[in-house]
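Chain by chain, the residues run as shown.
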Amino acid sequence: MFEHISREQADLLTILKIKGSCSPGRLAFIQNVHKSAISNRLKKLLEKGFVEWDDSQIHRDKRSKRIKITRKGEEIIEELNSAIFKALRKLIDEADEEHLDSFIMIFTILKGKFKGDLSE
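Residues numbered from 1 in each chain as written. Predicted model: local features only at pLDDT ≥ 70, side-chain atom pairs only at ≥ 80, totals over all residues. Heavy atoms only, no water.

A short note on the overall build of the protein chain
Our working definition: Helix and strand definitions here come from DSSP, where helices need a minimum of 4 consecutive H or I residues and strands a minimum of 2 consecutive E residues; each element is numbered from the N-terminal end. Burial classes: relative accessible area under 20% of the type maximum marks a residue as buried, over 50% as exposed, and values in between as partly exposed (1.4 Å probe, protein chains only). Working rule for contacts: check all heavy atoms of both residues, and any pair within 4.5 Å makes them a contact.
For the protein chain, the helix and strand inventory stands at 5 helices and 2 strands. Starting at the N terminus and ending at the C terminus, the protein chain contains elements arranged as α-α-α-β-β-α-α. Residue burial in the protein chain is summarised as follows: out of 120 residues, 23% are buried. Here the analysis covers contacts within the protein chain between residues at least 6 apart in sequence; of these, 52% occur between residues at least 24 apart.

Right, dumping it as structure tokens:
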């Protein structure tokens, strides 16, 4: 279903959905990669119509170009999240109590890590 989008591209879309428009440099910092990696990801996402350059009046300085997620990008993230939720739901429904406790612990740790990474 999601062969046309990489995990890194999906992560980038999720960041844009949560944080709003960002500069490529900020996205590189958040994803902890070189700016050239972000440029390649953005190029592919732009071609697919999942992101666009933010031309709003708030960002008049041309040196600080910002990118934002499009409605199409938001829809693909919603589909991806739904597919992940369904897969997790199936795992949870089939798990015993000991495994459920492990799932809860892992998801609690992940939640804390994601909140910390995206709030910087």
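A short note on the nonpolar core
Side chains of nonpolar character tend, in soluble globular proteins, to be buried together. Condition: Definition used in this section: a nonpolar core is a set of buried Ala, Val, Leu, Ile, Met, Phe, Trp, Tyr and Cys residues joined via side-chain atoms within 4.5 Å.
Residues Ile5, Leu13, Leu16, Leu27, Leu42, Leu45 and Val51 are the most contacted members of the largest nonpolar core, which totals 19 residues. Contributing elements (two or more residues each) for this core: helix H1 (7-19), helix H2 (24-31), helix H3 (35-48), strand S2 (67-69) and helix H4 (71-94). Each residue touching Val51, except ones within four places of it in the same chain, is listed here: Leu13, Leu16, Leu42, Leu45, Leu46, Ile67, Lys68, Ile69 and Thr70.

What about the side chain of Arg41?
Short version of the rule: None of His or the chain ends enter the tally, which takes Lys and Arg as positive and Asp and Glu as negative. Counted as salt bridges are all cases of a side-chain nitrogen of Lys or Arg within 4 Å of a carboxyl oxygen of Asp or Glu. As used in this structure description, the phrase polar contact means that two N or O atoms lie within 3.5 Å; if the pair is within protein, one of them must be able to donate a hydrogen and the other to accept it, and residues adjacent in sequence are counted only when both atoms belong to side chains.
Turning to its location among the elements, Arg41 is positioned in helix H3. We note that Arg41 is buried and unpaired, the nearest opposite charge coming from Glu8 at a distance of 5.1 Å. Among the polar contacts listed, one links the side chain of Arg41 to the side chain of Gln31, at a separation of 2.7 Å. Other than its neighbours up to four places away in sequence, Arg41 contacts Glu8, Gln9, Gln31 and Val33.

Some remarks on the packing of H1 against H3
Definition in use: Whenever a helix is involved, its axis is fitted only over the stretch in contact; in every case the axis is a line through C-alpha atoms, and angles between N-to-C directions fall within 0 to 180 degrees. Working rule for angles: under 35 degrees goes down as roughly parallel, over 145 as roughly antiparallel, 65 to 115 as roughly perpendicular, anything else as oblique. Residue polarity is assigned by list, with Asp, Glu, Lys and Arg as charged and Ala, Val, Leu, Ile, Met, Phe, Trp, Tyr, Cys and Pro as nonpolar; anything else, Gly included, falls into the polar class.
In the contact formed by H1 and H3, the axes pass within 10 Å of each other and the chain directions differ by 80°. The orientation of H1 with respect to H3, classified from their angle, is roughly perpendicular. Residues Glu8, Gln9, Leu12 and Leu13 of H1 pack against Ile38, Arg41, Leu42, Lys44, Leu45 and Lys48 of H3. Here the contact of H1 with H3 is composed, by residue class, of 5 nonpolar, 1 polar and 4 charged.

Quick word on unusual backbone geometry
Located in the positive-phi region is Asn32, a residue other than glycine, with phi close to 55°. For Asn32, the location among the structural elements is in the loop between H2 and H3. Residue classification places Asn32 among the exposed positions, given a relative accessible area of 69%.

Points about the pattern of salt bridges
The full count for this structure, using the stated rule, is 7 salt bridges. Put simply, Arg7 and Glu8 hold a salt bridge, and the shortest N to O gap is 3.4 Å. Its salt-bridge partner being Arg7, residue Asp11 comes within 3.1 Å of it at the nearest N-O pair. One end of the pair, Asp11, and the other, Arg7, are both in helix H1, 4 residues apart, so they sit about a helical turn from each other.

Read these as spatial facts, not as claims about activity.
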